[in-house]
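# Working through the structure, step by step
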Amino acid sequence: MAPAASVGPWMQIRGLTKSFAGELALDHADLDIERGKVHGLVGANGAGKSTLIRCLAGVTVADQGSVTVAGEDLQKGSPQASEQAGLAFIHQELNLIPHFNALQNILLGAPKVTRLGMIDWQRSGVAARAAAERVGIRFPLETKVSELSMAQRWLVMISKALVRDASMIAMDEPTASLSGPESEQLFAIIRDLSAQGVAILYVSHRLEEVLQLCDRITVLRDGRIVDAAERGALNKKGLVRAIIGHDIRPPDERARFATDRARQPIFRVREIAWKSAVKGVSFDLYKGEVLALGGLVGAGRTELAHLVAGVARPDAGHFELDGKRLDIANEAEAVRAGIALVPEERRSQGVMLQQSVGFNINISTLKKLRAIPGLPFVSGRKARRQAEGLVAQLGIKTPGIETKIGGLSGGNQQKALIARWLNAGTRLLILDEPSRGVDVGAREEIHDAIRALARSGVGILAISSDVEELTLLADRVLVMREGRITGELTGSDITEARIIELSYHDTNDAEGEIA
Amino acid sequence: MMAQAGTAAKDAPLRKSSWKRTALIWLSRYGTIVGLLLMVVFFSANAPGIFLSRANFLNILSQASLTAIIASGLTYTLVVGEFDLSIGYVASFVGLIVTGLMAYQGFPIWLSIVCALLLGAAIGAFNGVLVTKVRINAVISTLGIGTMLTGIGFTYSSFPIATGIPRAFTDISLGRLVFGLPNPVIIMVIVLIALWVILNKTDIGQKMQAVGGNLEAARLSGIRVDRIKIFAFATAGFCAALTGTLLSSLLGSGTLAAADGYLLDAFAAVFLGSATLREGEFHISGTLIGVLILAVGFNGLSIFGAPTHFQPIFKGGILVLAVGMSALARRYAASA
């Protein structure tokens, strides 16, 4: 299958390096990819998998290093060049146009047969139908994509790659939205394609899958390739060790708040389920503790936070706040009940960038700032006093409360968002990725503020994908995986290794291996 | 000397670009006000006797007042990040109904006006419900409702209502109750102050700004976003109704489509205003300046005897220019 001219592996990645804002996202990565093999790529969030794939796709330009495909250098930073070299990329979001049918989607952007300048769908369709047959599509290609299941959409994406004569198809978390049998069907197709000489680059958090499917597995950590092994040379335990590294931090010495379970919990979650993202989650949150949810991106944590904060309504289950059952229809009702969310996407969901720091802090407590109770006028004096007080309390570094919040650093914006809820009668504060994009110093201050709030009696539920942050911040960690809570860690058990282990394994699973 | 010249030359490109940038920011903030002043100076110098007179200034203010009222209402919908294309039609429709209530139904003047204003607010609120609850794009829903109103107005009265309107009604806009200023000017001042206070000094105004600033953030802050938007639409409808009522009083009749043209004026004024003093944000005082630019411009055109077909050229040109300036101002604010 391989062209005679090329010697060695079909694709050679050599010394690929990329840094963002001084941080190395990819550090001299070497990787060989051969046609007819399934290559697994694993690593924690931020390990550099996406950066590697984006470099191959030509979406990101590498700082150093080279990629050769079939003996020829791949032009950097050119998606067209990557496509011409036969590389195809299927992202989780599947860039399909929902109201186009499968055939139109498969042919989108591909050369089409035209007659008199009009697309001849009949003849253009021949190649598409051949591709569809190769992946075993059984539904009519005239079906709109919006009417297809996720698994069928994946088949459309793969056909789309095949129509362009792709020699390599990279798949990012293909099974994240597929059911068990659908995943099996996809694996069969992947094996088929591989047998036909297509190289597959398979990126997944699901280690069982990777071990079962891939001929070769490459592990990335902190931008470096730390392990590469043929099938059978690695087991799940070894893979987990490679992903988190050997230099595991000693358990944090800081005294953690010992949860007092004898008292009535501030907040209870009972059998909450929503779509396929959250599958029956229950837990209690006690006074004084910082409770954190860990797990991988897509484990259902953000969805759970949204359900609590009224962004969406659960399909099943209920919440109790201070012993009272809640029925929350929307965000406004959640806030009235005393539940507030500091969202993951600070810029798009948190701050009003064009408004001042004071405006952003006061927006949730306008009623308390009225000049005369009962009349809707906001007292400038009270507003100023509250904003200035909170700025001082949280150490928000700003020239003044009239400064536009867009001019502040991410950490100070985040503090302002926490300040928003301090005088709002908040009983439960949910913080989704509280220190994302925040420097270490500000992170420390944000953590202190969160702990102080917890000790003062506000329920704190923090969500973080940053394992280190979980060990630093949390008094108790619940780890979620695929919509379920897979484990609970307290005290000195809260370590990076244990969190990662639980993120990848079921508890039963882990016990089984240990036994 | 040589060395000095050398460093000066080296610094020059940097200094020039930052100078240019400062100038652009300054221009985007104060450009509209400078433009207004330049127009006033130019017209005063070239037509001192006619332009620069108390009578003419009052004339300009009277003309501006109806536009200013409808444009401030429109400002509210833009503040919350929406759009209202129905305001001109609402003004025409309500202007017709208010005269009809007096002429056909025999309502007293005060009751007719109250009904007319409430009708305008109700139409606005209905627009708001269509946009927020039914989730129809604001451009489509307000255009649809506006077009329907034209037809409903025609059904109500296919010819202008000119007889049976009490003299006292036309006196409302012709009278000069305070300081010898035309009544519409006084009404405009009251409306503008009220809308400015609501927008800047009350909870609902702060919430409107939050909704327009970042819808998701506002929602997560516990703001009932839909209600805020409906309030903004209702205000726009109310203001449109007030302009329509004053226009009928001014014309002494209820005429189909009489106020349709205010739509474009209002949009031009509001966008000019958003490029004034602030970076692309919609605000009441900006809107007033936008209205004055239009009024002075129209006045100048007619003083210099420009043919009437110059008016739409001026109006359309200003609208495009205003929206362009507003967009530029926002881009500079974002990059700053």
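Per chain, residue numbering runs from 1 following the sequence as it is written. Note on labels: chains are lettered from A, ligands numbered from 1, in written order. Restriction of local features to residues with pLDDT of at least 70 applies here, the model being predicted, together with a cutoff of 80 or more for giving and counting side-chain atom pairs; totals for whole chains, interfaces and linings are based on all residues.

## Notes on the overall build of chain B
Heads up, the condition is: Put simply, DSSP H or I for four residues or longer makes a helix, DSSP E for two residues or longer makes a strand, and each gets a number counted from the N terminus. Both definitions apply: the radius of gyration is a C-alpha atom measure, and the globule rule equals 2.2 Å times residues to the power 0.38. Any pair of residues counts as being in contact when their C-beta atoms, constructed from backbone geometry, are within 7 Å of one another.
For chain B, the count of helices and strands is 14 helices and zero strands. Along the chain direction, N to C, the helices and strands of chain B fall in the order α-α-α-α-α-α-α-α-α-α-α-α-α-α. In terms of overall dimensions, chain B is globule-like: its C-alpha atoms have a radius of gyration of 22 Å, near the 20 Å expected for 336 residues. Dimensions of chain B, computed from the C-alpha atoms along their principal axes, are close to 90 × 60 × 35 Å. In chain B, 78% of the contacts between residues at least 6 apart in sequence involve partners at least 24 apart.

## Some points on the overall build of chain A
Heads up, the rule is: Backbone-placed C-beta atoms define the burial measure: a residue is buried with 20 or more other C-beta atoms within 10 Å of its own, exposed with 12 or fewer, and partly exposed in between.
Within chain A, the regular secondary structure consists of 18 helices and 22 strands. Scaling as 2.2 N^0.38, a compact globule of 515 residues should have a C-alpha radius of gyration of about 24 Å, and chain A matches this with 26 Å. Once the C-alpha set of chain A is aligned to its principal axes, its extents read approximately 80 × 60 × 45 Å. The buried share among the 515 residues of chain A stands at 48%.

## Concerning the interface of chain B and chain A
For clarity, the threshold we go by: Polarity classes work like this: nonpolar for Ala, Val, Leu, Ile, Met, Phe, Trp, Tyr, Cys and Pro, charged for Asp, Glu, Lys and Arg, and polar for all others, with Gly in that last group.
Of the residues lining the interface, 19 residues belong to chain B; the matching set on chain A comes to 22 residues. Sorting elements by how many residues they give to the side of chain B that touches chain A places helix 9 (residues 203–213) of chain B first, with six residues. Partitioned by chemical class, the residues of the side of chain B that touches chain A number six nonpolar, seven polar and six charged.

## Things to note about the pairing of strand 20 (residues 459–463) of chain A
Residues and elements named next belong to chain A. Note the following rule: Strands are labelled as partners when DSSP assigns at least two bridges between them.
Counting buried positions over the five residues of strand 20 gives five, a clear majority of the element. Alternating residues of strand 20 divide into Gly-459, Leu-461 and Ile-463 and Ile-460 and Ala-462, and every residue in both groups is buried. Summarising the sheet, strand 15 (residues 290–295) and strand 20 pair through four bridges and their orientation is parallel. Bridge assignment links Leu-291 to a residue of strand 20, and that residue is Leu-461. Bridge count between strand 19 (residues 428–432) and strand 20: five bridges; the pairing is parallel.

## Observations concerning the domain arrangement of chain A
Residues and elements named next belong to chain A. Condition: For the purposes of this description, domain bounds are those given by an automatic or database domain assignment.
Partitioning chain A into domains gives domain 1 (11–244) and domain 2 (267–514). Domain 1 and domain 2 are separated by 35 Å when their C-alpha centres are compared. In this assembly, nine residues from domain 1 lie in contact with ten residues from domain 2. With four residues, the top contributor of residues to the side of domain 1 that touches domain 2 is helix 8 (residues 236–244).

## So, helix 4 (residues 121–134) of chain A
All names here are of chain A. The test is simple: To estimate how far a helix should reach, multiply one less than its number of residues by 1.5 Å. One axis is fitted to the seven residues ending at the residue and one to the seven starting there. The bend at that residue is the angle between these axes.
A rise of 1.5 Å per residue sets the reference length of helix 4, with its 14 residues, at 20 Å; its end C-alpha atoms lie 20 Å apart and thus fit the reference within 8%. Roughly 30° is the biggest bend found in helix 4, and it falls at Ala-127. Along helix 4, the residues that are buried comprise Ser-124, Ala-127, Ala-128, Ala-131 and Ala-132. Considering only its buried residues, helix 4 is in contact with helix 3 (102–107), strand 8 (118–119) and helix 5 (150–163).

## Quick notes on the nonpolar core
For soluble globular proteins, nonpolar side chains are generally found buried alongside one another. Rules: By definition, a nonpolar core groups buried Ala, Val, Leu, Ile, Met, Phe, Trp, Tyr and Cys residues that are joined through C-beta atoms within 7 Å.
Core analysis: the biggest nonpolar cluster contains 258 residues, and A:Met168, A:Ile169, B:Ile70 and B:Ala241 have the highest contact counts within it. In this structure, this core is formed jointly by two domains, domain 1 (11–244) and domain 2 (267–514) of chain A, each of which donates at least three residues. Apart from the residues within four sequence positions on either side, B:Ile70 is in contact with B:Ile87, B:Ala91, B:Cys239, B:Ala240, B:Thr243, B:Tyr262 and B:Ala266.

## Quick word on the sheet that holds strand 17 (residues 324–326) of chain A
Residues and elements named next belong to chain A. Threshold: Between N-to-C directions, angles cover 0 to 180 degrees, with each direction set by a line fitted to C-alpha atoms, over the stretch in contact for helices.
Sheet architecture is open: four strands sit in the order 14-13-16-17, paired in antiparallel fashion. Of all strands in the sheet, those with a lone pairing partner are strand 14 (278–285) and strand 17, marking the two edges. With direction set aside, neighbouring strand axes in the sheet form an average angle of 20°.

## What to know about helix 9 of chain B
Residue and element names in this part refer to chain B. With respect to burial, helix 9 is a largely interior element, nine of its eleven residues being buried. Listing the buried residues of helix 9 in full gives Gly-205, Gln-206, Lys-207, Met-208, Gln-209, Ala-210, Val-211, Gly-212 and Gly-213. Summarising the contacts, the buried residues of helix 9 are in contact with helix 3 (54–79), helix 8 (183–201), helix 10 (215–220) and helix 11 (225–251).

## So, the sheet that holds strand 11 (residues 216–221) of chain A
Residues and elements named next belong to chain A. Taken together, six strands build an open sheet; the order of strands is 6-9-10-3-11-12 and the sheet is mixed. Since the sheet does not close on itself, it has two edges, and those belong to strand 6 (87–90) and strand 12 (224–230), each with one partner. Shown here is a sheet whose adjacent strand axes are inclined to one another by a mean of 20°, direction ignored. Where strand 3 (residues 38–42) meets strand 10 (residues 199–203), four bridges bridge the pair, whose relative direction is parallel. Looking at the pairing, Leu-41 lines up with Val-203 of strand 10. This element, helix 1 (residues 49–57), spans strand 3, strand 6, strand 9 (168–172), strand 10 and strand 11 of the sheet and lies at about 135° to strand 6.

## Notes on the packing of helix 8 of chain B against helix 13 (residues 284–303) of chain B
Residue and element names in this part refer to chain B. It is at 9 Å that the axes of helix 8 and helix 13 come closest, and there the two elements cross at 145°. Each of Leu-192, Leu-195, Trp-196 and Leu-199 in helix 8 lies in contact with helix 13, whose residues at this interface are Ile-284, Ser-285 and Leu-288. Of the residues contributing to the contact of helix 8 with helix 13, the split by class is six nonpolar, one polar and no charged.

## Brief notes about the confidence of the model for chain A
Using the following cut-off: What pLDDT conveys is the predictor's confidence in a given residue, as a value from 0 to 100.
For chain A, the average pLDDT comes to 86, and 94% of its residues sit at 70 or higher. In this model residues 1–6 of chain A is a low-confidence stretch, pLDDT under 50, and it forms nine contacts with partners more than four residues away in sequence or in other chains.

## Section: the pairing of strand 14 of chain A
For a regular strand, the rule is simple: side chains alternate between the two faces of the sheet. All names here are of chain A. Two strands pair when backbone bridges link them, and strand 13 (residues 267–274) and strand 14 are joined in this way by six bridges, in the antiparallel orientation. For Ala-273, the partnering residue across the bridge sits in strand 14 and is Lys-279. What sits between strand 13 and strand 14 in their antiparallel hairpin is a turn of three residues, with Lys-275 showing a positive phi close to 45°.

## Comments concerning the packing of helix 4 (residues 87–103) of chain B against helix 12 (residues 262–274) of chain B
Residue and element names in this part refer to chain B. In plain terms, the rule: Any angle that is under 35 degrees is reported as roughly parallel, and any over 145 degrees as roughly antiparallel; angles of 65 to 115 degrees are reported as roughly perpendicular and all others as oblique. By the definition used in this description, the sense in which the near helix is turned from the far one sets the handedness, with an anticlockwise turn below a right angle giving left-handed and a clockwise turn giving right-handed.
The contact between helix 4 and helix 12 brings their axes to 7 Å, and the two run at 135°. If you check the angle between helix 4 and helix 12, you find them oblique. Viewed along their axes, helix 4 and helix 12 form a crossing whose handedness is right-handed. Residues Ile-87, Gly-88 and Ala-91 of helix 4 touch helix 12, and the partners they reach there are Tyr-262, Leu-263 and Ala-266. The residue makeup of the contact of helix 4 with helix 12, split by class, is five nonpolar, one polar and no charged.

## Quick look at unusual backbone geometry
A positive phi angle is found at A:Asp222, which is not glycine, with a value near 50°. Structurally, the position occupied by A:Asp222 is in the loop between strand 11 and strand 12. A:Asp222 gets classed as partly exposed once you count the C-beta atoms within 10 Å, which come to 16. Located in the positive-phi region is B:Phe179, a residue other than glycine, with phi close to 50°.

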